[in-house]
Amino acid sequence: ERPALKRLLADIEAGKIDTVVVYKIDRFSRSLIDFTKLIEMLENHDTSLVSVTQQFNTTTSMGRLTMNILLSFAQFEREVTAERIRDKMGAARRRGKYIGGIPPLGYDVDRDKKRLIVNAEEAALVRFIFRRYLQIRSTVTLVRELNDKGLQTKTWTKKNGEVRPGKPWQKGLIYKLLHNPIYIGRVRHKDE
């Protein structure tokens, strides 16, 4: 999924590169499995790998062992960091903090306090959707009615100022709105 790496690999396969120089091995890959595949690909195309800050030689068994140890620690570090981020986000959600993404219809974001605040105009639409669904019990009919009235999903301005316009309603969006616990004062985090 890294465009620059894909270009590098294409150049290696085309025989344009004989040595890949990296600052540290973990800048090339932090996954032991991916790294093993990359090294195999380099070896198949007679391309060597050099780390500027780490001394090892991949042509010897001791060099390969050293490289694998370094990569194992890099992968461990990446996984521990991901766990910490997930834990921090979970704790923030449990405290009712907004942790990013498009806020639900009926709410805007107070970015300073990291909280959702009610958007009165959108909240009226949310109440209408709930009331109307209780009357007709049909998401298909509700979608048709909302779209016939020209009502759309949330228009959202991203942090960088880019505006994401609202879209026509679809059945799945109505279902998602009706089942969102935020509308009864609860915050969902994973399966909680």
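Above this text sits the structure in question.
Everything numeric here is computed off the predicted structure, so don't read it as measured data.

## Quick notes on the overall build of the protein
The helix and strand tally for the protein stands at 7 helices and 6 strands. Reading the secondary structure of the protein in the N-to-C direction produces α-β-α-α-β-α-β-β-α-α-β-β-α. Relative to its length of 192 residues, the protein is extended, with a C-alpha radius of gyration of 26 Å against a globular reference of 16 Å. Projected onto its principal axes, the C-alpha positions of the protein cover 75 × 40 × 30 Å. Considering only contacts in the protein between residues 6 or more positions apart, those separated by 24 or more positions represent 52%. Taking the average location of the 37 positive side-chain charges in the protein and that of its 23 negative ones, the two points are 9 Å from each other.

## Here's the deal with the pattern of salt bridges
Summed over the entire model, instances satisfying the criterion amount to 5 salt bridges. Among the ionic pairs, Glu122 bridges to Lys154, the shortest N-O distance being 2.5 Å. One end of the pair, Glu122, is in helix α5 (residues 120–136); the other, Lys154, is in the loop between α6 (139–148) and β5 (156–157), with 32 residues separating them in the sequence. Judged by its relative accessible area of 10%, Lys154 is buried. One salt bridge in this structure joins Lys158 and Glu162, with 3.3 Å as the shortest N-O distance. Judged by its relative accessible area of 38%, Glu162 falls in the partly exposed class. One network of salt bridges, in which partners are shared, links Asp108, Glu122 and Lys154.

## Observations regarding the layout of surface pockets
Estimates place the volume of the largest pocket at around 1,000 Å³. For the largest pocket, the lining is made up of 32 residues, of which Ile102, Pro103, Pro104, Lys176 and Asn180 are closest to its centre. With 3 residues, the single largest contributor to the lining of the largest pocket is helix α7 (residues 171–178). Looking at the lining of the largest pocket residue by residue, the classes come out as 16 nonpolar, 7 polar and 9 charged. Computed from the structure, the second largest pocket encloses a volume of approximately 410 Å³. Taken together, 15 residues form the lining of the second largest pocket, with Tyr98, Ile99, Gly100, Lys114 and Lys159 sitting closest to its centre. Tallying contributions element by element places helix α4 (residues 61–94) first for the lining of the second largest pocket, with 4 residues. Tallied by class, residues from the lining of the second largest pocket come to 7 nonpolar, 2 polar and 6 charged.

## Observations regarding α5
For α5, which comprises 17 residues, the first-to-last C-alpha distance of 24 Å matches the rise-based estimate of 24 Å (1.5 Å per residue) to within 8%. Along its buried surface, α5 packs onto β3 (107–110), β4 (115–118), α6 and α7. Among the residues of α5, the N-terminal cap falls to Asn119, whose side-chain oxygen and the backbone nitrogen of Glu121 are separated by 3.2 Å.

## Quick notes on the pairing of β4
Note: β3 against β4, 4 bridges, orientation antiparallel. The residue of β4 that forms the bridge with Asp108 is Ile117. Between β3 and β4, which follow one another and run antiparallel, lie 4 residues, and Lys114 among them has a positive phi close to 55°.

## A look at the packing of aromatic side chains
Taken as a whole and assessed by the stated rule, the structure comprises 2 aromatic pairs. Within the aromatic cluster, the residues linked to one another by ring pairs are Tyr107, Phe130 and Tyr183.

## What to know about the side chain of Asn119
Tracing the backbone through its elements, the reader meets Asn119 in the loop between β4 and α5. At 3.2 Å, the side chain of Asn119 and the backbone nitrogen of Glu121 are in polar contact. In contact with Asn119, other than residues within four places in its own chain, are Gly106, Tyr107 and Asp108.

Conventions adopted
Residues numbered from 1 in each chain as written. Predicted model: local features only at pLDDT ≥ 70, side-chain atom pairs only at ≥ 80, totals over all residues. Heavy atoms only, no water. Helix = DSSP H or I, 4+ residues; strand = E, 2+ residues; numbered from the N terminus. Rg over C-alpha atoms; globule rule 2.2 N^0.38 Å. Contact = heavy atoms within 4.5 Å. Lys, Arg positive; Asp, Glu negative; His and termini not counted. Charge placed at Lys NZ, Arg CZ, Asp CG, Glu CD. Salt bridge = Lys/Arg side-chain N within 4 Å of Asp/Glu carboxyl O. Buried < 20%, exposed > 50% of the residue type's maximum accessible area, 1.4 Å probe, protein only. 1 Å grid on protein atoms, 1.4 Å probe; cavity = no way out; pocket = protein on both sides within 12 Å on 5 of 7 lines; lining within 4 Å. Points joined across faces, edges and corners; volume = space filled by probe spheres on them. Nonpolar A, V, L, I, M, F, W, Y, C, P; charged D, E, K, R; others polar. Expected span 1.5 Å × (residues − 1). Polar contact = N/O pair within 3.5 Å; in protein donor to acceptor, adjacent residues only side chain to side chain. Pairing = 2+ DSSP bridges. Phe/Tyr/Trp six-rings, centres within 6.5 Å; stacked < 30°, edge-to-face > 60°.

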